[in-house]
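# Coordinate analysis (summary)
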Amino acid sequence: ASPTTEPSWVDTLETLQSLSSSLSTASYISVDVEFTAPHTSLLQLTTGGGSWLVDPYPLHSSLLPLLGRYFSDPAVPKILHDCRRDCRWLLDDFGIHLAGVWDTFQAEGRLQEMGKSEGRRGYKDLCERHLGVSVDKSEQSSDWSRRPLTRRQVLYAWSDTLNLKALMDAQAALLPASAVADVEALCWSAVLGSSPPSIPASSPPPPPPPPPP
């Protein structure tokens, strides 16, 4: 499989275990989260080996034990765009803590401070500016708790992680090493107003949400 292969749907313990095995060899993990109140409704992941859409409703209690160690490994970059809500949702709903974060939104802010970029910092804007890629954001506010997802929702969710690695590479090439080291601190400052929290990967998750109707 490759990142350009259509994403795999993960909604059983067997498919989650398969995803966990795939993440064990990943050199990076691109991450996005969809939220329909009151709970996280979808996790999107892309690595060099493929893409996955994870349904948290039937798997809530298994996400931290099977995925938590990969998300909290600082040696493997977790790439997100504007991670402020994503980090909080993962932490609050599942007890999952992210380490080794590259936030393309915060990195773009550093580029703009240095006079190396200008303009809006939305994901769509960055894909067009750095990659020449057009991204459809029309499903951003759709109902992510519905099952099954529509075909348009699946393609939207997939596209939200598909370009993150290329964006990180493009931004990192423009930033000096000292600024690259600042990106994760900037992310967590935006999330919590502080440095990255120290949260053990074994922290128990909160009670699971009810399944969607």
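Residues numbered from 1 in each chain as written. Predicted model: local features only at pLDDT ≥ 70, side-chain atom pairs only at ≥ 80, totals over all residues. Heavy atoms only, no water.

## Side note on the overall build of the chain
- What the chain contains, in helices and strands, is eight helices and six strands.
- If you list the helices and strands of the chain from N to C, you get β-α-β-β-β-α-β-α-β-α-α-α-α-α.
- Within the chain, the fraction of its 213 residues that count as buried is 48%.
- Sequence separation of at least 24 residues holds for 68% of the intrachain contacts in the chain that already meet a minimum separation of 6.
- About 9600 Å² of surface is accessible on the chain, with carbon and sulfur atoms providing 53% of the total. (Helix = DSSP H or I, 4+ residues; strand = E, 2+ residues; numbered from the N terminus. Buried < 20%, exposed > 50% of the residue type's maximum accessible area, 1.4 Å probe, protein only. Contact = heavy atoms within 4.5 Å. Areas by Shrake-Rupley, 256 points an atom, 1.4 Å probe, with all protein chains shown as cover.)

## Some words on the nonpolar core
- If you look at the biggest cluster of nonpolar residues, it comprises 29 residues, and the most contacted ones within it are L19 and L45.
- Counting only elements with at least two residues in this core, the list comes to α1 (13-23), β2 (29-36), β3 (39-47), β4 (50-54), α2 (60-71) and α3 (84-94).
- Looking at this core, the element that brings in the most residues is α2, giving six residues.
- With near-sequence residues (within four places) excluded, L19 lies in contact with V10, L45, W52, V54 and L67.
- Listed in part, the 15 residues of the second largest apolar core include Y28, I79, A107 and C127. (Core = buried A, V, L, I, M, F, W, Y, C linked by side-chain atoms within 4.5 Å.)

## Section: the state of the cysteines
- As enumerated under the stated definition, the model contains zero disulfides in all.
- Its sulfur unpaired, C87 is 3.8 Å from the next cysteine sulfur, which belongs to C83.
- Taking the relative accessible area as the measure of exposure, C87 reaches 2% and is therefore buried. (Disulfide = S-S within 2.5 Å.)

## Section: the packing of helix α5 (residues 123-131) against helix α7 (residues 164-174)
- Running from N to C, α5 and α7 cross one another at 60 degrees; their axes reach a closest spacing of 10 Å. The handedness of the crossing between α5 and α7 is left-handed. Side by side, α5 and α7 meet where Y123, L126, C127, H130 and L131 of the first sit next to L164, A166, L167, A170, Q171 and L174 of the second.
- Here the residues of the contact of α5 with α7 are counted per class, giving nine nonpolar, two polar and no charged. (Axes fitted to C-alpha atoms, helices over the stretch in contact; angles between N-to-C directions. Left-handed = near helix turned anticlockwise from the far one by under 90°. Nonpolar A, V, L, I, M, F, W, Y, C, P; charged D, E, K, R; others polar.)

## Focus: the packing of aromatic side chains
- Tallied over the full model, the rule gives two aromatic pairs.
- Centroid distance F35 to W89: 4.5 Å. Interplanar angle 10 degrees. Geometry classified as stacked. Separated by 54 residues along the polypeptide, F35 in strand β2 and W89 in helix α3 bring together distant segments of the chain.
- Relative accessible area serves as the criterion here: at 27%, F35 is assigned to the partly exposed category.
- With 5.6 Å between their ring centres and 35 degrees between their planes, W144 and Y156 make a pair best called tilted. Linking W144 in the loop between α5 and α6 (151-162) with Y156 in helix α6, this pair joins segments that are 12 residues apart in sequence. Comparing W144 with Y156 shows no difference in burial state: the two are buried. (Phe/Tyr/Trp six-rings, centres within 6.5 Å; stacked < 30°, edge-to-face > 60°.)

## Thoughts on α5
- Residues Y123, L126 and C127 constitute the buried set of α5. The buried side chains of α5 occupy one side of the element, clustering within an arc of 100 degrees when seen end-on.
- Turning to α5, the residues buried within the fold contact α4 (104-113), α6 and α7.
- Where α5 ends, the next residue or the one after it, G132, has phi of about 65 degrees, a positive value. (Arc of directions from axis to C-beta.)

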